Amino acid sequence: KIVYAVFRTDHANMILHLTKKSNEIFGGFIIGKIIDSMIIGVLCFFGLTLLKMPYILLISVIVGVTNVIPFFGPFIGAIPSAILILMVSPIQCVYFVIFVIILQQFDGNILGPKILGNTTNLSSFWVLFAILLFGGVFGIVGMVIGVPVFAFIYQLIREWVLDRLEEQKLQTQKKE
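Now for a description of the structure that goes with this document. (Residues numbered from 1 in each chain as written. Predicted model: local features only at pLDDT ≥ 70, side-chain atom pairs only at ≥ 80, totals over all residues. Heavy atoms only, no water.)

## Section: helix α2 (residues 9-50)
As a reminder, the rule being used: Strands here mean DSSP runs of E at least two residues long; helices mean DSSP runs of H or I at least four residues long; both are numbered from the N terminus. Given the number of residues in a helix, its expected span is that number minus one, multiplied by 1.5 Å.
Taking 1.5 Å of rise per residue, 42 residues should cover 62 Å, and α2 covers 61 Å from first to last C-alpha, within 8% of that figure. Lys 52, located one to two residues past α2, shows a positive phi value of around 55 degrees.

## Considerations on the environment of Thr 19
To keep it simple, the criterion reads: Think of a polar contact as two N or O atoms within 3.5 Å of one another; within protein, one of them needs to be a possible hydrogen donor and the other a possible acceptor, and neighboring residues in sequence only count if both atoms come from side chains.
Relative to the elements of secondary structure, Thr 19 occurs in helix α2. Placed 41 residues apart in sequence, Thr 19 and Ser 60 show a C-alpha to C-alpha distance of 36 Å. Engagement of the side chain of Thr 19 in a polar contact is seen with the backbone oxygen of Leu 16, the distance being 2.9 Å.

## Observations concerning helix α4 (residues 73-88)
Residues three or four positions apart in an α-helix share a direction because the helix packs 3.6 residues into each turn. To be explicit about the condition: Relative accessibility under 20% of the residue-type maximum defines a buried residue, over 50% an exposed one, and the middle range a partly exposed one, all with a 1.4 Å probe and only protein chains included. Residues count as neighbours in contact if any of their non-hydrogen atoms are within 4.5 Å of one another.
Taking 1.5 Å per residue, 16 residues should reach 22 Å; α4 reaches 24 Å between its end C-alpha atoms and fits that length. Those residues of α4 not exposed but buried are Gly 73, Pro 74, Gly 77, Ala 78, Ser 81, Ala 82 and Ile 85. Taken together, the buried residues of α4 touch α3 (56-66) and α5 (90-120).

## Examining the packing of aromatic side chains
Test applied: To pair, rings of Phe, Tyr and Trp, with the six-membered ring standing in for Trp, must have centres within 6.5 Å; the planes then decide the type, stacked if under 30 degrees apart, edge-to-face if over 60, and tilted in the middle.
Tallied over the entire structure, the rule returns nine aromatic pairs. Both rings, one in Trp 126 and one in Phe 129, keep their centres 5.3 Å apart while their planes meet at 90 degrees; by these two values the pair is edge-to-face. Residue Trp 126 and its partner Phe 129 are both found in helix α6 (residues 124-167); the two are separated by three residues, about one turn of the helix. By relative accessible area, Phe 129 is classed as partly exposed at 33%. With a centroid separation of 6.1 Å and an interplanar angle of 35 degrees, the aromatic rings of Phe 134 and Phe 138 are classed as tilted. In this pair, Phe 134 and Phe 138 are both assigned in helix α6, four residues apart and thus about one turn of the helix distant. Relative accessible area serves as the criterion here: at 11%, Phe 134 is assigned to the buried category.

## Comments concerning the nonpolar core
Rule in force here: Throughout, nonpolar core names a set of buried Ala, Val, Leu, Ile, Met, Phe, Trp, Tyr and Cys residues whose side chains join them through atoms within 4.5 Å.
Counting residues in each nonpolar core, the largest one holds 17 residues, and the members touching the most others are Leu 48 and Phe 96. Counting only elements with at least two residues in this core, the list comes to α2, α3, α4 and α5. With seven residues, α5 is the single largest residue contributor to this core. In terms of nonpolar packing, the next biggest core, distinct from the first, is built from 13 residues, Leu 116, Leu 122, Val 127 and Met 143 among them.

## Let's talk about the pattern of salt bridges
The criterion, for reference: What makes a salt bridge here is a side-chain nitrogen of Lys or Arg within 4 Å of a carboxyl oxygen of Asp or Glu, nothing more.
By the definition in use, this model includes four salt bridges. In this structure, the salt-bridge partner of Asp 36 is Lys 33, at a minimum N-O distance of 3.6 Å. Linking Asp 36 with Lys 33, this pair stays in helix α2, spanning three residues, or about one helical turn. Residue Lys 33 is classed as buried on the basis of its relative accessible area, which comes to 10%. The shortest N-O distance in the salt bridge between Glu 167 and Arg 164 comes to 3.2 Å. You can see Glu 167 and its partner Arg 164 sitting in helix α6, three residues apart, about one turn around the helix.

## With respect to a nonpolar patch on the surface
Stated precisely, the cut-off is as follows: Candidate patch residues must exceed 30% relative accessible area and have no salt bridge, after which like charges are joined if within 9 Å and Val, Leu, Ile, Met, Phe, Trp or Tyr side chains if within 5 Å. Per-residue and other accessible areas follow the Shrake-Rupley method at a 1.4 Å probe size, with only the shown protein chains counted as cover for residues.
A contiguous nonpolar surface patch, about 580 Å² in accessible area, is contributed by Ile 69, Phe 72, Ile 76, Ile 140, Val 141, Val 144 and Ile 145. Considering every element that reaches the nonpolar patch, the biggest residue donor is α6, with four residues. Considering the arrangement of structural elements, one finds Ile 76 in helix α4. Residue Ile 76 is classed as partly exposed on the basis of its relative accessible area of 45%.

Nothing here speaks to function; it is geometry throughout.
So, in structure tokens, the structure goes:
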């Protein structure tokens, strides 16, 4: 009501449309990141079970929870977990480190971009592009906010292009 009271109707409609889109994209990103982290935690559990590691459940939860933090999170969780395993068996610690590297390669290059792409309506390519671009420009903060911000900008540009094409009465394929 405040938006309609302060702005003209067409501007208020646009503001509400933009806030709805940003809510969908940022909400989708957060849900996608949580789903991704849960899958990695479960995969870690099964992998550690197969490798007969100590403290399987504890380590899987640590790796899954810290996986919410892009790029550095898995390593933040892996370091104390590796130290914990090192106290029990140095050779198992080496196997654990190798396993975590493989797991994170799978997550960072296949699973994460696929899930985040589906929840933000971006292709895996654009997810990786956004992480690299925003991470390079803004550092760790850019890695965290890069995908949803890029998805929002991408959606705005996409809608603008479709509107211009419709104004010119050209055929468009809307993906809704």
